[in-house]
Amino acid sequence: LLIVNPVAGKGAGATRGEALQQLLARDHRVELVYTTSRGDATRLARAGGSDVDRVIAVGGDGTLNEVLVGVLGVGSSPETRPALGFLPGGTANVATRAFGFASAPGPLARALPTMKGRLVDVGVADLAGDERPFLLWCGAGVDAVVIDALNTARTGHMGVAGLALNAPRVLSAVARYPAPEIHVTADGDELLPVATVMLANVGEIAFGGTVHPGATPFDGELDLVTIREVGAVETVAMSARMMLSELTKAPGVAHRTATTVGLRADGPVPVQLDGEPVGHLPIDVRVEPAAVRLLVGPS
């Protein structure tokens, strides 16, 4: 089942999805369906996932996240769910770099017939009873403010180019953000209040930045990164640090791993999952080890 966001990447999603369908249809039963609005990819994955052995999301990271939600709704274990694949057609495509997905229809079509994939961890954020999984990372505070500013702009660039082109908008949003204190509990431990929290399931996230090189979706844990104070100047400095080395080397940044994390705040603090704004704190986050088989690399 190919679930295609036709408007991703200014039409690249549709072109790539159709090319992949043509290549696979020579030897396999393939169904291609298009999304038309937010939430469609989840609905389509749930509706068709039980009839196929593989579901491929074609679009951006947001499309992949929606398909992930749908796949997790099929069956009760990785053995009873279809495997999940991805063909990037969006603007940021963080998942491609993080997991090493094939970036073009041809290589993916050649690899899929024999690819077994790997079981990967999934983070699950509970927002007032609404559980939302994420594959890449969850951010609360300035991280989510930056993501929201870039999503609002939607210039067609969401990587380093997007950050550079939208720097005035992003810095203005950060400067206006009041940064309420975030209270963090990690595996039952109460931590010092901070301004920003990032929960990474992978080492590399948006903008080509590295949160922590040891973060991996195969260890049954999330990497918890907390930042004490963040203003516009600090945001620029830490963004540069992420792209040159890793965020956890920056002053005022702390790192540990955890399996459960609770986040509360003294005021409105935005939250994003896999690069998509989803609401505000409070949230409770847990890791689901080896929750889905991802079609990347050798098993």
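Structure's up top.
What comes next concerns the included structure. The structure presented is a predicted model; accordingly, all values stated were derived computationally and were not measured. (Residues numbered from 1 in each chain as written. Predicted model: local features only at pLDDT ≥ 70, side-chain atom pairs only at ≥ 80, totals over all residues. Heavy atoms only, no water.)

### Focus: the pattern of salt bridges
- Tallying each qualifying case throughout the model produces 8 salt bridges.
- A salt bridge links Arg 97 to Glu 204; the shortest N-O distance between them is 2.9 Å. Of the two residues, Arg 97 is situated in helix H4 (residues 94–99) and Glu 204 in the loop between strand E10 (196–200) and strand E11 (222–227); the sequence distance between them amounts to 107 residues.
- On the basis of relative accessibility, which here comes to 39%, the residue Arg 97 falls in the partly exposed class.
- For Arg 286, the salt bridge identified is with Glu 131, shortest N-O distance 2.9 Å. (Salt bridge = Lys/Arg side-chain N within 4 Å of Asp/Glu carboxyl O. Helix = DSSP H or I, 4+ residues; strand = E, 2+ residues; numbered from the N terminus. Buried < 20%, exposed > 50% of the residue type's maximum accessible area, 1.4 Å probe, protein only.)

### Section: the nonpolar core
- With 73 residues, the main nonpolar core has Ile 3, Val 67, Phe 99, Leu 135, Ile 182 and Leu 263 as its most contacted residues.
- Dropping the residues within four chain positions of it, Ile 3 is found in contact with Val 33, Thr 35, Ala 41, Leu 44, Ala 45, Val 55, Ile 56, Ala 57, Val 58, Thr 63 and Val 67.
- The next biggest cluster of nonpolar side chains, apart from the first, holds 14 residues, and it includes Leu 2, Ala 83, Leu 112 and Leu 295. (Core = buried A, V, L, I, M, F, W, Y, C linked by side-chain atoms within 4.5 Å. Contact = heavy atoms within 4.5 Å.)

### A closer look at the sheet that holds strand E14 (residues 270–273)
- Strand order in the open sheet formed by 6 strands is E12-E11-E10-E7-E14-E15, and the pairing between neighbours is antiparallel. Looking at strand neighbours, the two that pair on one side only are strand E12 (253–258) and strand E15 (276–280), the edges of this open sheet. Strand-to-strand twist across the sheet, computed as the mean angle between neighbouring axes with direction ignored, equals 20°.
- Two elements, E14 and E15, share 4 bridges in a ladder whose sense is antiparallel. Considered in E15, the bridge of Pro 270 is made with His 280. (Pairing = 2+ DSSP bridges. Axes fitted to C-alpha atoms, helices over the stretch in contact; angles between N-to-C directions.)

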